[in-house]
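Report on the structure
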Amino acid sequence: MKLPWNRKESELEREVRYHLESLAEGFERQGLTPNEAMLRARREFGGVELYKEQCRDERRWQPLAQLWQDLTFGARMMRKAPAVTAAAVLSLALGIGATTAILSLMDAVLWRTLAVPHPEQLTEVLWQSKGRPEGLYQSSSGSMHLDGATHVADFFSRSAFDTFRTKMERANVAAHLNPDDVSTSYAGINSVARLRAVTGNFFAMLQVQPLAGRLLLPGDDRADAPLAVVVAHSFWESNLRSDAKAVGRVLRINNRSYTIAGVLPAEFGGIATGDTTDLYTTIEHAPSVLETDSQERKAATDPMTWYLQILARRAPEVTAEALAPEMTALFRSSWGAAPENPEDAPAIRLQQASGGIGSLRREFGNPLRMLLVLVGFVLLIACANIMNLMLARADSRRREVALRVSLGCSRARLMRQFFTESALLATCGGVLSIAVAYATANFAVTLMPGDLRLNFAVDLRVILATLAVTAVTTLAFGLYPAWRAAQMDAAPALKEGSGASGGVRHTWLAPGKLMVLAQVAFSVLLVAAGAAFTAHLRKIVTRDTGFERTRILMFDLRPGQSGYHEEKLRQFYVQLEQRLREIPGVESAGLARIRPMRGGGYWDDIRIPGHAKVISTAVNFVTSGYLDALGVRIVAGRPFTRQDVLSQARVAIVSEDFGKELGRSPLGLSFPMDGKSIEIVGVAARARYSRLTEQPSVLYLPNTLNSDTTTVLVRTSIPPLQVMGGVRRMVSDLDANLPIVKAVTMQEQIAATLRRERLFAWLCGAFGVLALVLCMVGLYGVMAYATSRRSQEIGIRMALGASPSNLLRQVIGEGVGVALAGCVLGTPVAWWAAQRYVDYKNLGMEPLDPVIVAWAAAALALAALLAVLGPAIRAASADPIQALREG
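No experiment lies behind these values; they were computed from the predicted model shown.

**Description of the overall build of the protein chain**
Across its full length, the protein chain holds 29 helices and 26 strands. Here the protein chain, with 887 residues, has 51% of them falling under the buried criterion. For the protein chain, contacts bridging at least 24 residues in sequence account for 81% of all contacts bridging at least 6. In the form shown here, the protein chain has an accessible surface area of approximately 40,500 Å², with 57% of it arising from carbon and sulfur atoms.

Shown next, in the form of structure tokens:
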């Protein structure tokens, strides 16, 4: 297939040939020979090529034809140096791909809005107070964090929610609970799903429309209403097999029959970033509420129990600032008591929820922005490398450029040619960067906390982001080399030999060396960041946990969701613990209400009579074998006995931190809890309860053996996973229909709580290594090109008596000197940036150690030495006679 401008070219050839032949025929009639006639015709016609160029300039296709010529010429130049081209494209792909990956990750975590109409109207309802509002509530379920010195929480009583719902006119409010794991069964398929309990107006407030059936309605809130459930699209596809007739059928949840009311649309991904909710039912019909004498059932009528989270949709014209005072007044009117300290009275705090609720954005916001800055530096270093490459290629083509200028080529045409080559190189790197971006982003997702549903499918947003970064990159490294090549003086270039330096002054201010200096300066920051996060992770991982971590297996059982209740449930737990100890390889076993090292848990404030200080402590309900299985020793008093658990004795064991906060030995002291007096009978060694980054006080109470679910801890004398087969057989003997859930070793459980630390250690470490490699490549390229251009000078110096060792020292000194100058400039900048912009408190790490910055600079200096060794050795071993001949 011929291109349009190629077809025009053949017509132009015929037209020129026709004019020449017509003129020649006329001269032949005047008596000239055919050769003389054609020669005179050419003289009369004028420059054929000039005529063709004038004709081409008049065509509408000419700009495209010239672009095509530039592209094909650039492609040939890239094929002539495949190794250099591959290195350049790979450098760009890594830089652009990493940048796009972090942008995509930030979009998924920080910027993406909920797939509901007008998400900007959504508001998360929180409350804030100067201190804990003692006296307002006795128990709570939700999250609380510190914003500076202010306590911010997301839990409310049922009476507060009812007050908002009935008296608010400028906002529509709905309540929900945190998702819970439930057992499901449909058409013989059993699975574990995540269920979120919500109020009946929840989906109406969100303005979500069903894919099939209907969604929950306010009428579903009635206690006597049929049990209804709405399923997420992902659950409908995977567990219901996309059954179009599933609506109206029964889904068994914790051995109760729920009617499937409807299916949510695929675009609705929940109300939180990476939401894993599969099922929705009303709070009144949540499986935990339906249990007899459940705490959730009691919470609905107790104003001193705060357990609901609230989401609101403001009217279009109402701002959060205008709504907060009204909600604060209603909130305070719902309290069942007054706070002990009036200054700690909570006030409503409205937080924008267009992107969803939860702590993920707060936890990862600043760290992800920091990662974006670091990966931006990586991209700058890659651009500096490519700029050096383009400058070197332009300098090596001085004679070509001089000839083209001498033949009439304009400076603008030259600049366009070189910029087109840069754009072609950037395009290749940009295309390859898409694969790098998705590989990096998906790897980062595996390191994110929890089982988040963060999918990075190929979409227009990511492609546009890649194109934007590629365009910026092209401008960053392509404009200056193109301009510099176009400004080249043709006359001196035509006189140069292949080994001459072309009159270029070899100073420290040469563009290539300045680029390398900037690369090294930026790399100090990147290498120091990678080393700091890696050292931080290593420090956390090697911390003393206070218990055995290498030989513990843990898993969950949910007998309460499989028909076990009251005395039958208690007997199951007693028999389970006893049978576990009989498995070969098991040293001890115990049960707990809350899984250790899960990153959270149940907390309470303990008041010891006669002591003014309130101790905030983590609480767990355990059996007599739990502390032994965990490997936590008793340092004072006694452990729990089997009789303590069976008789529900009012005793407790506290950690050493409890006594440290109290200021005396807690042994023998008593404290009130839930209307009962609890006596402290033992003190356990210090142990990290929820994560390696925290070490709170811990309160252990006898397990009530009435919880629907339990966590089982098994300490083994052999590798933990080797006893898993025996555990499965034993549980199957007790109940063949009871599944084992979330079976992991303690090492795996700990690793799950460190995903944020691992994310930044891996990514920052990778960015640091990449920056180090790019610096080596850049310095190697600059020094290799500089020594090749000075081959004639080196030959003359060697002919005049310069020794190879002197030349070796000179080249090494020149290259390492540039790197050291970069280190000198980059070290204080890295230190200043670390002190100014890194939120160490949010990251849970100590301030940057100056030794790490020093080691980063030393690593770069060593890398520079390795990079310049090759060019230095080649220069020192050059043959002076051959070098002189090349001149």
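**Observations regarding the side chain of Arg570**
Checked against the element boundaries, Arg570 lands in helix H18 (residues 566-580). Within polar-contact distance, the side chain of Arg570 engages the backbone oxygen of Thr704 at 3.4 Å. If we ignore the near neighbours within four places in the chain, the residues touching Arg570 are Leu646, Gln648, Thr704 and Leu705.

**Brief notes about the environment of Tyr438**
Looking at the element boundaries, Tyr438 is found in helix H14 (residues 411-446). With a relative accessible area of 11%, Tyr438 lands in the buried category.

**Observations concerning the nonpolar core**
Counting 71 residues, the largest nonpolar core has Leu368, Leu371, Phe533, Phe767 and Leu779 as the members making the most contacts within it. Beyond its immediate stretch of four places on either side in the chain, Leu779 contacts Val516, Gly815, Ala819, Ala864, Ala867 and Val868. Formed by 36 residues, the second largest nonpolar core is a distinct cluster that contains Val289, Ile310, Ala315 and Ile348.

**Digging into a nonpolar patch on the surface**
On the surface, Leu862, Leu865, Leu866, Leu869 and Ile873 cluster together into a nonpolar patch covering about 420 Å² of accessible area. With respect to the helices and strands, the residue Ile873 is situated in helix H28 (residues 850-876). Overall, Ile873 belongs to the partly exposed group, its relative accessible area being 47%.

**Quick notes on unusual backbone geometry**
The backbone of Gln207 sits at a positive phi, close to 65°, despite the residue not being glycine. Inspection of the secondary structure puts Gln207 in the loop between helix H7 (202-206) and strand E9 (212-213). Judged by its relative accessible area of 33%, Gln207 is partly exposed. Residue Gln648 is not a glycine yet carries a positive backbone phi of 55°. For Gln648, the location among the structural elements is in the loop between helix H20 (642-646) and strand E21 (651-655).

**Comments concerning the packing of H18 against helix H22 (residues 724-734)**
Between H18 and H22, whose axes approach to 11 Å, the crossing angle comes to 150°. Classified by the angle between their axes, H18 and H22 sit roughly antiparallel to one another. Remark: the crossing between H18 and H22 carries right-handed chirality. Along the contact surface, H18 presents Phe572, Gln575, Leu576, Arg579 and Leu580, while H22 presents Met730, Asp733 and Leu734. The residue inventory of the contact of H18 with H22, partitioned by class, reads 5 nonpolar, 1 polar and 2 charged.

**Some details on the pattern of salt bridges**
This model, assessed by the stated rule, comprises 24 salt bridges. Salt-bridge contacts for Asp243 lead to Arg249; the nearest nitrogen and oxygen are separated by 2.9 Å. The exposure class of Asp243 is partly exposed, given its relative accessible area of 21%. Between Glu577 and Arg581 there is a salt bridge, with the nearest N and O atoms lying 3.0 Å from each other. The class of Glu577 is buried, set by a relative accessible area of 9%. Linked by salt bridges that have partners in common, Arg158, Asp162, Arg165, Asp221 and Glu284 make up one network.

**Let's talk about the packing of helix H26 (residues 804-837) against H28**
Close contact between H26 and H28 brings their axes to 8 Å; oriented N to C, the two are set at 155°. Classified by the interaxial angle, the pair formed by H26 and H28 is roughly antiparallel. Crossing geometry of H26 relative to H28 is assigned as right-handed.

**Observations concerning empty space enclosed by the protein**
For the coordinates displayed, the defined rule picks out 6 cavities of 30 Å³ or more. Volume-wise, the largest cavity comes out at about 70 Å³. Every residue along the wall of the largest cavity is listed here: Thr787, Arg790, Glu793, Ile794, Arg797, Leu807, Gln810, Val811, Glu814 and Ala875. When contributions to the lining of the largest cavity are tallied by element, the ones reaching two or more residues are helix H25 (791-799) and H26. For the lining of the largest cavity, the element with the most residues is H26, which contributes 4 residues. Looking at the lining of the largest cavity, its residues break down into 4 nonpolar, 2 polar and 4 charged. The space that makes up the second largest cavity amounts to roughly 60 Å³. What lines the second largest cavity is simply Val516, Val520, Leu772, Cys775, Met776, Leu779, Ala819, Leu860, Ala863, Ala864 and Ala867. Looking at the lining of the second largest cavity, its residues break down into 11 nonpolar, no polar and no charged.

**Comments concerning the packing of aromatic side chains**
For the coordinates displayed, the defined rule picks out 19 aromatic pairs. Ring centres of Tyr564 and Phe572 lie 4.9 Å apart, and the angle between their planes is 45°; on these two criteria the pair is classed as tilted. Just as Tyr564 is buried, Phe572 falls in that class too. The structure contains a cluster of three or more aromatic residues connected by ring pairs, namely Trp127, Tyr137, Phe155, Phe156, Phe164, Trp306, Phe331 and Trp335. In this structure, Lys568 packs its charged tip against the face of Tyr564, placed 4.7 Å from the ring centre.

**Some details on the pairing of strand E18 (residues 602-607)**
With 6 bridges connecting them, E18 and strand E19 (residues 614-622) associate as antiparallel partners. When the bridges of E19 are listed, Asp605 appears paired with Ser616. With antiparallel pairing between neighbouring strands as the criterion, E18 and E19 make up a hairpin whose turn holds 6 residues, including Gly610 at a positive phi of roughly 90°.

**Re the side chain of Thr281**
Tracing the chain through its elements places Thr281 in strand E13 (residues 279-282). For Thr281, a relative accessible area of 0% corresponds to the buried category. Within the structure, Thr281 has its side chain in polar contact with the backbone oxygen of Ala228 (distance 2.7 Å). Those residues in contact with Thr281 that lie beyond four places of it in its chain are Leu195, Arg196, Ala197, Val198, Leu216, Ala228, Tyr258 and Ala286.

**Description of the state of the cysteines**
Here the structure, examined in full by the defined rule, presents 0 disulfides. Unpaired in this structure, Cys823 has its nearest cysteine sulfur neighbour in Cys775, at a distance of 8.6 Å.

**With respect to the confidence of the model for the protein chain**
In the predicted model, the protein chain carries a mean pLDDT of 81, and the fraction of residues at 70 or more is 85%. Ranking the helices and strands of the protein chain by mean pLDDT puts strand E10 (residues 228-231) first, with 96, and helix H16 (residues 490-495) last, with 59.

**Notes on H28**
An ideal rise of 1.5 Å per residue puts 39 Å on 27 residues; H28 measures up with 38 Å between its terminal C-alpha atoms. Bending of H28 peaks at approximately 35° at the position of Leu869, with proline Pro871 no more than four residues after it. The backbone nitrogen of Val851 has a side-chain oxygen 3.1 Å away, supplied by the residue at the start of H28, namely Asp849.

**Some thoughts on the environment of Leu865**
Along the polypeptide, Leu865 turns up in helix H28. Under the relative-accessibility criterion, Leu865 is labelled partly exposed at 33%. Residues Leu865 and Gly813 lie 52 residues apart in sequence; the distance between their C-alpha atoms is 9.0 Å. Those residues in contact with Leu865 that sit more than four places away from it in its chain are Ile812 and Val816.

**Re helix H11 (residues 320-333)**
Structural remark: α-helix, 3.6 residues per turn; residues separated by three or four positions point the same way. An ideal rise of 1.5 Å per residue puts 20 Å on 14 residues; H11 measures up with 20 Å between its terminal C-alpha atoms. Among the residues of H11, Ala320, Leu323, Ala324, Met327, Thr328, Leu330 and Phe331 are the ones counted as buried. Close packing links the buried residues of H11 with strand E1 (122-129), strand E5 (156-157), helix H6 (158-167), strand E6 (171-176), strand E14 (305-314) and strand E15 (347-352).

Basis of the calculations
Residues numbered from 1 in each chain as written. Predicted model: local features only at pLDDT ≥ 70, side-chain atom pairs only at ≥ 80, totals over all residues. Heavy atoms only, no water. Helix = DSSP H or I, 4+ residues; strand = E, 2+ residues; numbered from the N terminus. Buried < 20%, exposed > 50% of the residue type's maximum accessible area, 1.4 Å probe, protein only. Contact = heavy atoms within 4.5 Å. Areas by Shrake-Rupley, 256 points an atom, 1.4 Å probe, with all protein chains shown as cover. Polar contact = N/O pair within 3.5 Å; in protein donor to acceptor, adjacent residues only side chain to side chain. Core = buried A, V, L, I, M, F, W, Y, C linked by side-chain atoms within 4.5 Å. Patch = residues over 30% accessible without salt bridge, like charges linked within 9 Å, V, L, I, M, F, W, Y side chains within 5 Å. Salt bridge = Lys/Arg side-chain N within 4 Å of Asp/Glu carboxyl O. Axes fitted to C-alpha atoms, helices over the stretch in contact; angles between N-to-C directions. Parallel < 35°, antiparallel > 145°, perpendicular 65-115°, else oblique. Left-handed = near helix turned anticlockwise from the far one by under 90°. Nonpolar A, V, L, I, M, F, W, Y, C, P; charged D, E, K, R; others polar. 1 Å grid on protein atoms, 1.4 Å probe; cavity = no way out; pocket = protein on both sides within 12 Å on 5 of 7 lines; lining within 4 Å. Points joined across faces, edges and corners; volume = space filled by probe spheres on them. Phe/Tyr/Trp six-rings, centres within 6.5 Å; stacked < 30°, edge-to-face > 60°. Lys NZ or Arg CZ within 6 Å of the ring centre and 35° of its normal. Pairing = 2+ DSSP bridges. Disulfide = S-S within 2.5 Å. pLDDT = per-residue confidence, 0-100. Expected span 1.5 Å × (residues − 1). Bend = angle between axes of the 7 residues up to and from the residue.

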